[in-house]
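Structural characterization, general
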Amino acid sequence: MILKPKGTYDIVGENSKYYNYIKGVFSTVCEYYNFNYIRTPIFEDSSLFHRSVGESSDIVSKETYDFKDRGDRSITLRPEGTAGVVRAYIENKMYGEVDQPIKLYYEGTMYRYERPQAGRYRELTQFGVEVLGSDSEIEDAEVISLAYRAFEEMGIEDVVVKINSLGDNESRDNYRKALVEYLKPHIDELCPDCKKRFETNPLRILDCKVDKDSPILKNAPVITDYLNEESKKRFNKVLEYLNVLDVDYEVDTSIVRGLDYYNHTVFEFQTEMEGLGSANTLGGGGRYNHLVELLDGPSTPCVGFACGIDRLMIILKEINKDREIKNSLDVYVLSVNEEERLTAARLVQDLRWSEIKCEMDTMNRSLKAQFKQADRLGARQLILLNSEDLKRGIITVKDNLTHEEIKIDEAEIIDYLISNL
Ligand code: AMP
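Residues numbered from 1 in each chain as written. Predicted model: local features only at pLDDT ≥ 70, side-chain atom pairs only at ≥ 80, totals over all residues. Heavy atoms only, no water.

**Some points on the sheet that holds strand 2 (residues 43–45)**
How we decide: What makes two strands pair is DSSP finding at least two bridges between them. In this description a helix means any DSSP run of H or I spanning at least four residues, a strand means any run of E spanning at least two, and both kinds are numbered starting from the N terminus. Between N-to-C directions, angles cover 0 to 180 degrees, with each direction set by a line fitted to C-alpha atoms, over the stretch in contact for helices.
Reading across the sheet, the three strands line up as 2-4-3 and stay open at both edges, with antiparallel pairing between neighbours. Because the sheet does not close on itself, it has two edges, and the strands there are strand 2 and strand 3 (65–68). Shown here is a sheet whose adjacent strand axes are inclined to one another by a mean of 35 degrees, direction ignored. In this sheet, strand 4 (residues 74–77) lies alongside strand 2 in antiparallel orientation, the contact comprising three bridges. Within strand 4, the position partnered with Phe43 by the bridge is Leu77.

Written out as C-alpha coordinates, the structure is:
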(Lines give C-alpha, C1' and ligand atoms only; values in the text may rest on other atoms or scores of the structure.)
Protein backbone atom coordinates (compact mmCIF):
# COMPACT_ATOMS: atom_id res chain seq x y z
CA MET A 1 0.00 0.00 0.00
CA ILE A 2 1.31 3.46 -0.87
CA LEU A 3 0.96 5.94 1.99
CA LYS A 4 0.64 9.71 1.93
CA PRO A 5 3.88 11.71 2.17
CA LYS A 6 5.04 12.74 5.65
CA GLY A 7 3.50 16.00 6.86
CA THR A 8 0.46 15.81 4.58
CA TYR A 9 -3.10 14.74 5.27
CA ASP A 10 -6.25 14.04 3.31
CA ILE A 11 -9.23 16.30 3.74
CA VAL A 12 -11.97 13.70 3.95
CA GLY A 13 -15.08 12.97 5.99
CA GLU A 14 -15.76 15.47 8.76
CA ASN A 15 -12.68 17.51 7.79
CA SER A 16 -14.19 18.26 4.36
CA LYS A 17 -17.14 19.95 6.02
CA TYR A 18 -14.93 22.14 8.19
CA TYR A 19 -12.62 22.94 5.30
CA ASN A 20 -15.43 24.09 3.01
CA TYR A 21 -17.09 25.97 5.83
CA ILE A 22 -13.93 27.97 6.63
CA LYS A 23 -13.26 28.67 2.95
CA GLY A 24 -16.89 29.72 2.55
CA VAL A 25 -16.84 32.15 5.48
CA PHE A 26 -13.58 33.74 4.32
CA SER A 27 -14.71 34.12 0.71
CA THR A 28 -18.07 35.57 1.71
CA VAL A 29 -16.48 38.06 4.09
CA CYS A 30 -13.92 39.05 1.42
CA GLU A 31 -16.65 39.65 -1.14
CA TYR A 32 -18.42 41.97 1.33
CA TYR A 33 -15.15 43.85 1.80
CA ASN A 34 -14.95 44.17 -2.00
CA PHE A 35 -11.93 41.91 -2.54
CA ASN A 36 -11.48 39.93 -5.79
CA TYR A 37 -10.30 36.34 -6.02
CA ILE A 38 -6.84 35.59 -7.42
CA ARG A 39 -5.27 32.22 -8.20
CA THR A 40 -1.56 31.97 -8.86
CA PRO A 41 0.54 28.86 -9.66
CA ILE A 42 1.54 26.44 -6.91
CA PHE A 43 5.07 26.43 -8.32
CA GLU A 44 7.08 29.48 -9.34
CA ASP A 45 10.60 30.31 -10.44
CA SER A 46 12.78 29.73 -7.34
CA SER A 47 14.27 33.21 -7.49
CA LEU A 48 10.86 34.73 -6.73
CA PHE A 49 10.96 33.38 -3.18
CA HIS A 50 14.67 33.85 -2.68
CA ARG A 51 14.32 37.54 -3.49
CA SER A 52 11.03 38.27 -1.78
CA VAL A 53 10.81 36.12 1.32
CA GLY A 54 14.55 36.58 1.81
CA GLU A 55 17.52 34.23 1.98
CA SER A 56 17.83 34.69 5.73
CA SER A 57 14.26 33.67 6.55
CA ASP A 58 13.67 30.19 7.98
CA ILE A 59 11.34 29.49 5.09
CA VAL A 60 13.90 29.98 2.33
CA SER A 61 17.00 28.91 4.24
CA LYS A 62 15.67 25.51 5.27
CA GLU A 63 12.06 24.84 4.33
CA THR A 64 11.45 25.24 0.62
CA TYR A 65 10.76 22.37 -1.76
CA ASP A 66 13.16 23.16 -4.61
CA PHE A 67 13.70 21.06 -7.70
CA LYS A 68 14.79 21.20 -11.31
CA ASP A 69 12.05 20.50 -13.83
CA ARG A 70 12.67 18.49 -17.01
CA GLY A 71 13.73 21.69 -18.78
CA ASP A 72 16.42 22.29 -16.11
CA ARG A 73 14.56 25.27 -14.63
CA SER A 74 14.85 25.96 -10.89
CA ILE A 75 11.37 25.60 -9.49
CA THR A 76 10.05 26.07 -5.94
CA LEU A 77 6.71 24.96 -4.54
CA ARG A 78 5.26 28.12 -3.04
CA PRO A 79 5.88 28.36 0.73
CA GLU A 80 3.52 31.34 1.09
CA GLY A 81 1.08 33.34 -1.01
CA THR A 82 2.24 36.96 -1.08
CA ALA A 83 5.20 36.57 -3.44
CA GLY A 84 3.07 34.95 -6.15
CA VAL A 85 0.37 37.60 -5.83
CA VAL A 86 2.94 40.38 -6.13
CA ARG A 87 4.54 38.66 -9.14
CA ALA A 88 1.08 38.42 -10.76
CA TYR A 89 0.32 42.06 -9.89
CA ILE A 90 3.46 43.19 -11.70
CA GLU A 91 3.22 40.76 -14.63
CA ASN A 92 -0.45 41.62 -15.27
CA LYS A 93 0.29 45.36 -14.86
CA MET A 94 -2.48 45.68 -12.31
CA TYR A 95 -0.85 48.91 -11.11
CA GLY A 96 -2.21 50.44 -14.32
CA GLU A 97 -5.85 49.54 -13.67
CA VAL A 98 -8.34 52.34 -13.12
CA ASP A 99 -9.76 51.02 -9.85
CA GLN A 100 -7.16 51.32 -7.13
CA PRO A 101 -6.19 49.96 -4.71
CA ILE A 102 -6.15 46.37 -5.99
CA LYS A 103 -7.77 44.21 -3.32
CA LEU A 104 -7.21 40.47 -3.74
CA TYR A 105 -7.88 37.29 -1.78
CA TYR A 106 -6.57 33.78 -2.31
CA GLU A 107 -6.56 30.36 -0.76
CA GLY A 108 -4.50 27.34 -1.55
CA THR A 109 -1.84 24.88 -0.51
CA MET A 110 1.65 25.98 0.49
CA TYR A 111 4.70 23.76 1.00
CA ARG A 112 7.28 23.95 3.77
CA TYR A 113 9.75 21.26 4.75
CA GLU A 114 9.08 21.60 8.48
CA ARG A 115 9.16 19.02 11.27
CA PRO A 116 5.55 17.83 11.27
CA GLN A 117 3.63 18.10 14.56
CA ALA A 118 0.12 19.01 15.72
CA GLY A 119 -1.05 21.97 13.62
CA ARG A 120 2.19 22.01 11.59
CA TYR A 121 2.30 20.29 8.22
CA ARG A 122 4.47 20.16 5.14
CA GLU A 123 1.49 20.78 2.92
CA LEU A 124 -0.55 23.50 4.56
CA THR A 125 -3.48 25.54 3.35
CA GLN A 126 -3.58 29.27 3.73
CA PHE A 127 -6.18 31.87 3.15
CA GLY A 128 -4.95 35.39 2.59
CA VAL A 129 -5.68 38.89 1.35
CA GLU A 130 -3.48 41.59 -0.15
CA VAL A 131 -4.24 45.26 -0.74
CA LEU A 132 -1.85 46.71 -3.30
CA GLY A 133 -1.56 50.41 -4.09
CA SER A 134 -2.76 52.18 -0.95
CA ASP A 135 -0.64 53.53 1.88
CA SER A 136 -3.66 54.50 3.96
CA GLU A 137 -3.80 53.38 7.58
CA ILE A 138 -7.43 52.49 6.87
CA GLU A 139 -6.22 49.56 4.77
CA ASP A 140 -4.03 48.22 7.59
CA ALA A 141 -7.06 48.31 9.86
CA GLU A 142 -9.38 46.96 7.17
CA VAL A 143 -7.39 43.78 6.52
CA ILE A 144 -6.99 43.16 10.25
CA SER A 145 -10.69 43.67 10.91
CA LEU A 146 -11.59 41.46 7.94
CA ALA A 147 -9.79 38.49 9.50
CA TYR A 148 -11.00 39.37 12.97
CA ARG A 149 -14.64 39.45 11.84
CA ALA A 150 -14.20 36.20 9.89
CA PHE A 151 -12.94 34.45 13.07
CA GLU A 152 -15.86 35.93 14.97
CA GLU A 153 -18.28 34.66 12.30
CA MET A 154 -16.79 31.18 12.77
CA GLY A 155 -17.45 31.40 16.50
CA ILE A 156 -13.79 31.75 17.52
CA GLU A 157 -14.06 34.43 20.14
CA ASP A 158 -10.87 34.58 22.16
CA VAL A 159 -8.78 35.98 19.33
CA VAL A 160 -6.35 38.78 20.10
CA VAL A 161 -4.56 40.82 17.49
CA LYS A 162 -0.94 41.25 18.58
CA ILE A 163 0.29 44.30 16.76
CA ASN A 164 3.58 46.14 16.44
CA SER A 165 5.25 48.61 14.14
CA LEU A 166 8.66 48.11 12.56
CA GLY A 167 8.55 51.70 11.35
CA ASP A 168 10.04 52.97 8.14
CA ASN A 169 13.53 52.07 6.90
CA GLU A 170 15.22 54.74 9.01
CA SER A 171 13.50 53.61 12.24
CA ARG A 172 14.14 49.97 11.53
CA ASP A 173 17.83 50.57 10.82
CA ASN A 174 18.28 52.58 14.02
CA TYR A 175 16.58 49.88 15.99
CA ARG A 176 18.61 47.10 14.39
CA LYS A 177 21.81 48.92 15.37
CA ALA A 178 20.65 49.32 18.98
CA LEU A 179 19.55 45.71 19.17
CA VAL A 180 22.84 44.38 17.80
CA GLU A 181 24.77 46.54 20.29
CA TYR A 182 22.63 45.21 23.14
CA LEU A 183 22.76 41.53 22.10
CA LYS A 184 26.47 41.36 21.26
CA PRO A 185 27.68 40.57 24.82
CA HIS A 186 24.87 38.01 25.35
CA ILE A 187 24.91 36.17 22.09
CA ASP A 188 26.53 32.99 23.47
CA GLU A 189 23.64 32.59 25.90
CA LEU A 190 21.07 32.31 23.10
CA CYS A 191 20.01 29.27 21.07
CA PRO A 192 22.02 28.17 17.98
CA ASP A 193 19.36 29.53 15.61
CA CYS A 194 19.54 32.92 17.31
CA LYS A 195 23.29 32.93 16.87
CA LYS A 196 22.75 32.57 13.14
CA ARG A 197 19.98 35.17 13.16
CA PHE A 198 22.34 37.60 14.86
CA GLU A 199 24.42 37.59 11.69
CA THR A 200 21.62 37.45 9.12
CA ASN A 201 18.47 39.02 10.57
CA PRO A 202 18.82 40.11 14.22
CA LEU A 203 15.21 41.32 14.52
CA ARG A 204 14.07 37.73 14.16
CA ILE A 205 15.72 36.87 17.48
CA LEU A 206 12.82 38.69 19.12
CA ASP A 207 10.26 36.15 17.99
CA CYS A 208 12.39 33.09 18.75
CA LYS A 209 10.18 30.40 20.24
CA VAL A 210 13.10 28.86 22.19
CA ASP A 211 14.44 31.99 23.89
CA LYS A 212 11.16 33.82 24.26
CA ASP A 213 11.20 33.77 28.09
CA SER A 214 14.88 34.55 28.46
CA PRO A 215 15.61 37.73 30.49
CA ILE A 216 17.98 38.76 27.72
CA LEU A 217 15.10 39.13 25.32
CA LYS A 218 12.75 40.50 27.95
CA ASN A 219 15.16 43.39 28.66
CA ALA A 220 16.05 44.05 25.03
CA PRO A 221 15.40 47.52 23.62
CA VAL A 222 11.92 47.81 22.12
CA ILE A 223 11.24 48.98 18.59
CA THR A 224 8.57 51.47 19.63
CA ASP A 225 11.28 53.57 21.33
CA TYR A 226 13.11 53.85 18.01
CA LEU A 227 10.24 54.87 15.74
CA ASN A 228 10.71 58.30 14.23
CA GLU A 229 7.88 60.83 14.49
CA GLU A 230 6.40 59.92 11.13
CA SER A 231 6.32 56.19 11.92
CA LYS A 232 4.91 56.79 15.41
CA LYS A 233 2.14 58.93 13.97
CA ARG A 234 1.32 56.29 11.42
CA PHE A 235 1.19 53.48 13.99
CA ASN A 236 -1.09 55.49 16.29
CA LYS A 237 -3.40 56.18 13.38
CA VAL A 238 -3.68 52.45 12.64
CA LEU A 239 -4.58 51.84 16.30
CA GLU A 240 -7.14 54.63 16.17
CA TYR A 241 -8.83 52.96 13.20
CA LEU A 242 -8.77 49.60 14.97
CA ASN A 243 -10.55 51.23 17.92
CA VAL A 244 -13.19 52.62 15.59
CA LEU A 245 -13.63 49.17 14.04
CA ASP A 246 -13.94 47.59 17.49
CA VAL A 247 -11.04 45.17 17.08
CA ASP A 248 -9.42 43.74 20.22
CA TYR A 249 -5.66 44.32 19.99
CA GLU A 250 -2.56 44.37 22.16
CA VAL A 251 0.62 46.17 21.19
CA ASP A 252 3.32 43.51 21.42
CA THR A 253 6.84 44.64 20.66
CA SER A 254 8.07 41.05 20.22
CA ILE A 255 6.07 40.63 17.01
CA VAL A 256 8.50 41.15 14.15
CA ARG A 257 7.30 38.44 11.68
CA GLY A 258 9.69 36.07 10.02
CA LEU A 259 9.97 37.63 6.61
CA ASP A 260 12.30 40.32 5.39
CA TYR A 261 9.77 42.31 3.47
CA TYR A 262 7.68 43.89 6.22
CA ASN A 263 7.74 47.51 7.36
CA HIS A 264 5.46 49.63 9.55
CA THR A 265 2.49 47.57 10.77
CA VAL A 266 3.04 43.88 11.60
CA PHE A 267 0.48 41.73 13.39
CA GLU A 268 -0.52 38.22 14.35
CA PHE A 269 -3.84 36.69 15.28
CA GLN A 270 -3.49 34.53 18.35
CA THR A 271 -5.96 32.45 20.27
CA GLU A 272 -5.74 31.69 23.96
CA MET A 273 -7.18 28.22 23.38
CA GLU A 274 -5.45 25.35 25.18
CA GLY A 275 -3.66 22.44 23.56
CA LEU A 276 -2.31 24.20 20.48
CA GLY A 277 1.16 25.02 21.80
CA SER A 278 3.05 27.26 19.40
CA ALA A 279 0.32 26.48 16.85
CA ASN A 280 -1.91 29.04 18.63
CA THR A 281 -1.05 31.60 15.96
CA LEU A 282 -3.89 31.55 13.45
CA GLY A 283 -2.28 33.92 11.02
CA GLY A 284 -0.38 37.08 10.57
CA GLY A 285 0.68 39.74 8.19
CA GLY A 286 1.72 43.30 7.80
CA ARG A 287 2.61 46.15 5.55
CA TYR A 288 5.23 45.64 2.86
CA ASN A 289 5.81 48.86 0.97
CA HIS A 290 9.02 47.82 -0.80
CA LEU A 291 8.32 44.32 -2.10
CA VAL A 292 6.79 45.32 -5.45
CA GLU A 293 9.87 47.40 -6.22
CA LEU A 294 12.17 44.61 -5.07
CA LEU A 295 10.51 42.39 -7.68
CA ASP A 296 11.06 45.02 -10.40
CA GLY A 297 7.61 46.64 -10.28
CA PRO A 298 6.80 50.31 -9.60
CA SER A 299 6.97 51.53 -5.99
CA THR A 300 3.67 50.31 -4.47
CA PRO A 301 2.56 50.34 -0.84
CA CYS A 302 0.85 47.08 0.19
CA VAL A 303 -0.63 45.35 3.19
CA GLY A 304 -1.96 41.82 3.71
CA PHE A 305 -2.25 38.74 5.89
CA ALA A 306 -2.36 34.95 5.64
CA CYS A 307 -4.16 32.51 7.93
CA GLY A 308 -3.74 28.78 8.30
CA ILE A 309 -6.93 26.93 7.40
CA ASP A 310 -5.55 23.68 8.88
CA ARG A 311 -5.30 25.25 12.32
CA LEU A 312 -8.74 26.77 12.08
CA MET A 313 -10.08 23.30 11.33
CA ILE A 314 -8.52 21.95 14.54
CA ILE A 315 -9.97 24.84 16.53
CA LEU A 316 -13.46 24.59 15.10
CA LYS A 317 -13.55 20.89 15.91
CA GLU A 318 -12.40 21.74 19.41
CA ILE A 319 -15.09 24.32 20.04
CA ASN A 320 -17.59 21.90 18.64
CA LYS A 321 -19.33 23.79 15.95
CA ASP A 322 -20.45 20.45 14.50
CA ARG A 323 -24.16 20.94 14.54
CA GLU A 324 -23.87 23.86 12.20
CA ILE A 325 -21.23 22.27 10.01
CA LYS A 326 -21.76 18.53 10.03
CA ASN A 327 -23.78 16.63 7.48
CA SER A 328 -27.45 17.35 7.71
CA LEU A 329 -30.05 16.66 5.10
CA ASP A 330 -33.32 18.44 4.43
CA VAL A 331 -35.17 15.54 2.86
CA TYR A 332 -34.69 11.79 2.34
CA VAL A 333 -36.91 10.09 -0.27
CA LEU A 334 -37.75 6.44 0.46
CA SER A 335 -38.58 4.05 -2.40
CA VAL A 336 -38.67 0.25 -2.71
CA ASN A 337 -39.76 -0.75 -6.24
CA GLU A 338 -38.70 0.46 -9.68
CA GLU A 339 -41.77 2.64 -10.22
CA GLU A 340 -41.12 4.40 -6.92
CA ARG A 341 -37.42 4.71 -7.70
CA LEU A 342 -38.16 6.45 -11.02
CA THR A 343 -40.42 8.90 -9.24
CA ALA A 344 -37.85 9.33 -6.46
CA ALA A 345 -35.08 10.14 -8.97
CA ARG A 346 -37.20 12.85 -10.60
CA LEU A 347 -38.42 14.21 -7.27
CA VAL A 348 -34.92 14.37 -5.80
CA GLN A 349 -33.75 16.30 -8.87
CA ASP A 350 -36.66 18.77 -8.60
CA LEU A 351 -36.00 19.30 -4.91
CA ARG A 352 -32.28 19.83 -5.44
CA TRP A 353 -32.98 22.49 -8.03
CA SER A 354 -35.25 24.15 -5.49
CA GLU A 355 -32.21 24.36 -3.17
CA ILE A 356 -33.45 21.57 -0.93
CA LYS A 357 -30.63 19.23 0.11
CA CYS A 358 -31.88 15.71 -0.39
CA GLU A 359 -30.93 12.10 -0.98
CA MET A 360 -32.47 8.78 -2.01
CA ASP A 361 -31.38 5.16 -1.71
CA THR A 362 -29.17 3.73 -4.48
CA MET A 363 -28.01 0.63 -2.60
CA ASN A 364 -31.23 -1.41 -2.80
CA ARG A 365 -31.73 -1.09 0.95
CA SER A 366 -34.82 -2.46 2.67
CA LEU A 367 -37.38 0.09 3.81
CA LYS A 368 -36.20 -0.34 7.40
CA ALA A 369 -32.58 0.28 6.39
CA GLN A 370 -33.64 3.39 4.46
CA PHE A 371 -35.26 4.84 7.59
CA LYS A 372 -32.00 4.22 9.46
CA GLN A 373 -29.96 5.80 6.67
CA ALA A 374 -32.22 8.88 6.72
CA ASP A 375 -31.61 9.21 10.47
CA ARG A 376 -27.87 8.84 10.06
CA LEU A 377 -27.87 11.62 7.49
CA GLY A 378 -29.90 13.84 9.82
CA ALA A 379 -32.87 14.15 7.43
CA ARG A 380 -35.45 16.68 8.61
CA GLN A 381 -38.33 15.43 6.44
CA LEU A 382 -38.97 12.03 4.84
CA ILE A 383 -40.88 11.40 1.66
CA LEU A 384 -42.50 7.96 1.71
CA LEU A 385 -43.39 6.95 -1.84
CA ASN A 386 -45.90 4.20 -2.54
CA SER A 387 -47.58 3.08 -5.73
CA GLU A 388 -51.13 3.67 -4.45
CA ASP A 389 -50.41 7.33 -3.60
CA LEU A 390 -48.62 7.87 -6.89
CA LYS A 391 -51.64 6.74 -8.91
CA ARG A 392 -53.67 9.46 -7.16
CA GLY A 393 -50.98 12.13 -7.55
CA ILE A 394 -50.36 12.26 -3.82
CA ILE A 395 -47.18 12.11 -1.74
CA THR A 396 -46.76 11.18 1.93
CA VAL A 397 -44.39 13.38 3.93
CA LYS A 398 -43.24 12.44 7.42
CA ASP A 399 -41.68 14.95 9.78
CA ASN A 400 -38.63 13.13 11.11
CA LEU A 401 -38.67 15.09 14.38
CA THR A 402 -42.36 15.03 15.33
CA HIS A 403 -43.10 11.81 13.37
CA GLU A 404 -46.31 13.36 12.03
CA GLU A 405 -47.39 12.21 8.60
CA ILE A 406 -49.30 14.24 6.06
CA LYS A 407 -50.51 13.56 2.50
CA ILE A 408 -49.82 16.33 0.00
CA ASP A 409 -50.82 16.91 -3.60
CA GLU A 410 -47.73 16.21 -5.75
CA ALA A 411 -47.91 19.67 -7.32
CA GLU A 412 -47.59 21.31 -3.91
CA ILE A 413 -44.77 19.24 -2.48
CA ILE A 414 -41.95 21.74 -3.03
CA ASP A 415 -43.86 24.67 -1.53
CA TYR A 416 -44.83 22.48 1.41
CA LEU A 417 -41.25 21.40 2.07
CA ILE A 418 -39.84 24.91 1.71
CA SER A 419 -42.20 26.19 4.37
CA ASN A 420 -41.64 23.19 6.67
CA LEU A 421 -37.84 22.94 6.73
P1 AMP B 1 3.25 32.52 8.02
O2 AMP B 1 3.12 32.63 6.52
O3 AMP B 1 4.42 31.69 8.46
O4 AMP B 1 3.11 33.80 8.73
O5 AMP B 1 2.00 31.65 8.47
C6 AMP B 1 0.71 32.17 8.50
C7 AMP B 1 -0.19 31.15 9.13
O8 AMP B 1 -0.19 29.93 8.37
C9 AMP B 1 0.28 30.69 10.50
O10 AMP B 1 -0.15 31.55 11.49
C11 AMP B 1 -0.38 29.35 10.61
O12 AMP B 1 -1.74 29.46 10.98
C13 AMP B 1 -0.29 28.82 9.22
N14 AMP B 1 0.89 27.95 9.07
C15 AMP B 1 2.18 28.30 8.85
N16 AMP B 1 2.97 27.23 8.72
C17 AMP B 1 2.18 26.16 8.88
C18 AMP B 1 2.38 24.75 8.86
N19 AMP B 1 3.58 24.21 8.64
N20 AMP B 1 1.30 23.94 9.04
C21 AMP B 1 0.08 24.45 9.26
N22 AMP B 1 -0.19 25.77 9.27
C23 AMP B 1 0.84 26.61 9.10
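**Topic: the packing of helix 1 (residues 14–32) against helix 11 (residues 309–318)**
Two packed helices can be described by the angle between their axes and the distance between those axes. What counts, and what does not: Each angle is binned into one of four classes, with values under 35 degrees roughly parallel, values over 145 roughly antiparallel, values of 65 to 115 roughly perpendicular, and all other values oblique. Left-handed describes a crossing whose near helix is turned anticlockwise from the far helix by less than a right angle; the clockwise case is right-handed. Residue contacts are counted whenever heavy atoms from the two residues lie within 4.5 Å of one another. Residues are grouped as follows: Ala, Val, Leu, Ile, Met, Phe, Trp, Tyr, Cys and Pro are nonpolar; Asp, Glu, Lys and Arg are charged; all remaining types, including Gly, are polar.
Between helix 1 and helix 11, the shortest axis-to-axis distance is 10 Å and the interhelical angle comes to 115 degrees. Considered as vectors, helix 1 and helix 11 are oriented roughly perpendicular to each other. Seen from above, helix 1 lies across helix 11 with right-handed handedness. Together, Glu14, Asn15, Tyr18, Tyr19, Tyr21, Ile22, Lys23 and Phe26 of helix 1 and Ile309, Leu312, Met313, Leu316 and Lys317 of helix 11 make up the contact between the two elements. Taken together, the residues of the contact of helix 1 with helix 11 break down into nine nonpolar, one polar and three charged.

**A word on the site of the ligand**
Test applied: For this purpose, a residue is taken to be near a molecule or strand whenever a single non-hydrogen atom of the residue falls within 4 Å of it. Each polar contact in these results corresponds to two N or O atoms within 3.5 Å; when the atoms are within protein, one needs to be able to donate a hydrogen and the other to accept it, and residues that are neighboring in sequence are counted only if both atoms are side-chain atoms. Method for areas: the Shrake-Rupley scheme with a 1.4 Å probe, in which residue coverage is limited to the protein chains shown.
In the vicinity of the ligand there are 14 residues, among which Arg112, Glu114, Tyr121, Gln126 and Arg257 approach most closely. Take Leu282: an N or O atom from its main chain is 3.0 Å from an oxygen atom of the ligand. One of the backbone nitrogen or oxygen atoms of Gly308 is found 3.3 Å away from an oxygen atom of the ligand. Protein contact buries 89% of the 480 Å² of open area that the ligand shows by itself. Counting only elements with at least two residues in the shell around the ligand, the list comes to strand 6 (123–132), strand 10 (281–287) and strand 11 (302–308). Taken together, the residues of the shell around the ligand sort by class into four nonpolar, five polar and five charged.

**As for the pattern of salt bridges**
Cut-off, in case you're wondering: A carboxyl oxygen of Asp or Glu within 4 Å of a side-chain nitrogen of Lys or Arg is what we treat as a salt bridge. Only protein chains enter the accessibility calculation, which uses a 1.4 Å probe; a residue is then buried when its area is under 20% of its type maximum, exposed when over 50%, and partly exposed in between.
Per the stated rule, a full pass over the model turns up 27 salt bridges. Linking Asp296 and Arg51 is a salt bridge whose minimum nitrogen-to-oxygen distance equals 2.9 Å. Of this pair, Asp296 sits in the loop between helix 10 (291–294) and strand 11 while Arg51 sits in helix 2 (residues 46–52), and the two are 245 residues apart along the sequence. A relative accessible area of 41% places Arg51 in the partly exposed class. Close ionic contact of Asp135 with Arg234 constitutes a salt bridge, the shortest N to O distance being 3.7 Å.

**What to know about helix 6 (residues 169–183)**
Convention followed: Expected helix span is computed as 1.5 Å times (number of residues minus one). Arc definition: directions from the helix axis to the C-beta atoms.
Along its 15 residues, helix 6 runs 21 Å from first to last C-alpha, staying within 8% of the 21 Å computed at 1.5 Å per residue. Buried within helix 6 we find Ser171, Arg172, Tyr175, Ala178, Leu179 and Leu183. Along helix 6, the residues classed as buried sweep out an arc of 130 degrees about the axis, all on the same side. Exposed side chains of helix 6 directed beyond 90 degrees from the buried face belong to Lys177 and Glu181. On its buried face, helix 6 sits against helix 7 (192–200), helix 8 (215–218), helix 9 (229–244) and strand 9 (263–271).

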